[in-house]
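The chain contents come next:
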Amino acid sequence: MALPKYDQIAADLRGQIVRGDLKPGDVLPSERELTERWKVARATVVRAIQVLRQEELVETRQGVGTLVRERLPLARTAGERYRTARATGFIYTAGEHADILSAEMVPAPEDVATALGVAAGDQVAHRHRVTREGETATATSFSWFTAEVAGAAPRLLQAERVREGTTRYVEMQTGRTPHTGRDWWTARLATADELRILELEGPQAVGEVRHIAYDADGLPLAYEVGVVPAGRWSRTEEYPMGS
């Protein structure tokens, strides 16, 4: 089911903010421009802006317009990172980088096996990373790929950054283009390992998102579990990933 128009507009603007296309202090397109671009009523655009304002991504100033607020530590979905990689060739925006903690073949746990459509215990490629903005840890994530995908994309098993992003790299190596992404969000208490990796004092709440990227045939390309400290916006949605 397609998202309501106001939510589509908010998602488009949110993506531009998260990717860095719209930077702090930039003025959003005017309500008139957005109304004409999206062919909707002004009330729909107003509601979209209200969504972003509630998420504390923008603020409205009299006589100026709606501006992007100073950058907050945002939780980007794997789909957002993929779109950034396709647009720029790099998965991370300015100031971001990842440290790869491990990259290896491991037996698939049950949730991984279900997500990737393999049997529990089958060998799968596993990568563990921590994402930073400057020196601050902003997320830790685990990604898994089938042995077939790992065979075609050998850099998945190197404990080095894949600057174009693993999903984009897999696409280039296999020719299988991501078509749909599905994310599930939840909130819970951080584990001891997560507290250590994210440099948090416990007990501390974190957000967890589980992401599967599917190709045009509906077959899974990648499965990822990301964990972020509390205080970042989150959404649940199904969205196109291809062009």
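In this report, we go over the structure that sits alongside the text. (Residues numbered from 1 in each chain as written. Predicted model: local features only at pLDDT ≥ 70, side-chain atom pairs only at ≥ 80, totals over all residues. Heavy atoms only, no water.)

**Things to note about helix α2 (residues 31-38)**
Thinking step 1. Listing the buried residues of α2 in full gives L34, T35 and W38. With its buried residues spanning 100° around the axis, α2 presents them on a single face. Exposed residues lying more than 90 degrees from the buried face of α2 are R32 and E36.
Thinking step 2. Buried residues along α2 sit against α1 (5-19) and α3 (42-54).
Thinking step 3. Looking at the residues trailing α2, positive phi occurs at K39, about 55°. (Buried < 20%, exposed > 50% of the residue type's maximum accessible area, 1.4 Å probe, protein only. Helix = DSSP H or I, 4+ residues; strand = E, 2+ residues; numbered from the N terminus. Arc of directions from axis to C-beta. Contact = heavy atoms within 4.5 Å.)

**Thoughts on unusual backbone geometry**
Thinking step 1. For the peptide bond that leads from G202 to P203, omega is -10°, which places it in the cis range.
Thinking step 2. Within the chain, K39 stands out as a residue other than glycine whose phi angle is a positive 55°.
Thinking step 3. With respect to the helices and strands, the residue K39 is situated in the loop between α2 and α3.
Thinking step 4. A relative accessible area of 73% means that K39 is categorised as exposed.
Thinking step 5. Look at E199: it is not a glycine, yet its phi comes out positive at around 60°.
Thinking step 6. Mapping E199 onto the fold places it in the loop between α8 (192-197) and β7 (205-215).

**Focus: the environment of Q204**
Thinking step 1. Note that Q204 resides in the loop between α8 and β7.
Thinking step 2. The class for Q204 is partly exposed, based on a relative accessible area of 28%.
Thinking step 3. Each C-alpha atom, one on Q204 and one on R188, is 8.5 Å from the other, the two residues being 16 residues apart in sequence.

**Concerning α1**
Thinking step 1. Over its 15 residues, α1 extends 21 Å from the first C-alpha to the last, a length consistent with the 21 Å expected when each residue adds 1.5 Å.
Thinking step 2. With respect to burial, α1 is a largely interior element, 11 of its 15 residues being buried.
Thinking step 3. Regarding α1, the residues found buried are Y6, D7, I9, A10, L13, R14, G15, Q16, I17, V18 and R19.
Thinking step 4. Just downstream of α1 lies G20, where phi reads positive at about 95°. (Expected span 1.5 Å × (residues − 1).)

**Here's the deal with the packing of aromatic side chains**
Thinking step 1. Under the definition given, this model contains two aromatic pairs.
Thinking step 2. With a centroid separation of 6.3 Å and 20° between ring planes, the pair formed by F142 and W144 is classed as stacked.
Thinking step 3. Residue F142 is classed as partly exposed on the basis of its relative accessible area of 22%.
Thinking step 4. Here the aromatic residues F142, W144 and Y223 are joined through ring pairs into a cluster of three or more.
Thinking step 5. Above the face of the Y6 ring, R47 is positioned so that its terminal group lies 3.9 Å from the ring centre. (Phe/Tyr/Trp six-rings, centres within 6.5 Å; stacked < 30°, edge-to-face > 60°. Lys NZ or Arg CZ within 6 Å of the ring centre and 35° of its normal.)

**A look at the pairing of strand β2 (residues 65-68)**
Thinking step 1. Alignment of strand β1 (residues 58-61) against β2, held across four bridges, turns out to be antiparallel. What sits directly across from R61, in β2, is G65. (Pairing = 2+ DSSP bridges.)

**Overview of the side chain of S102**
Thinking step 1. Considering the arrangement of structural elements, one finds S102 in strand β3 (residues 96-107).
Thinking step 2. Once you skip the residues sitting within four places of it in the chain, S102 turns out to touch H126, R127 and H128.

**Here's the deal with the nonpolar core**
Thinking step 1. One finds I9, L13, L28 and L52 to be the most contacted residues of the largest nonpolar core, which totals 18 residues.
Thinking step 2. Mapped by element, the contributors of at least two residues to this core are α1, α2 and α3.
Thinking step 3. What I9 contacts, discounting residues up to four positions off in sequence, is W38, V40, T44, V45 and A48. (Core = buried A, V, L, I, M, F, W, Y, C linked by side-chain atoms within 4.5 Å.)

**Some details on the pattern of salt bridges**
Thinking step 1. Under the defined criterion, the tally for this structure stands at 14 salt bridges.
Thinking step 2. A salt bridge links R210 to D111; the shortest N-O distance between them is 3.0 Å. Of the two residues, R210 is situated in strand β7 and D111 in helix α5 (residues 110-116); the sequence distance between them amounts to 99 residues.
Thinking step 3. A salt bridge links R176 to D215; its shortest N-O distance comes to 2.9 Å. Here the residue R176 occupies a position in the loop between α7 (166-174) and β6 (178-189), and D215 occupies one in strand β7, the gap between them amounting to 39 residues. (Salt bridge = Lys/Arg side-chain N within 4 Å of Asp/Glu carboxyl O.)

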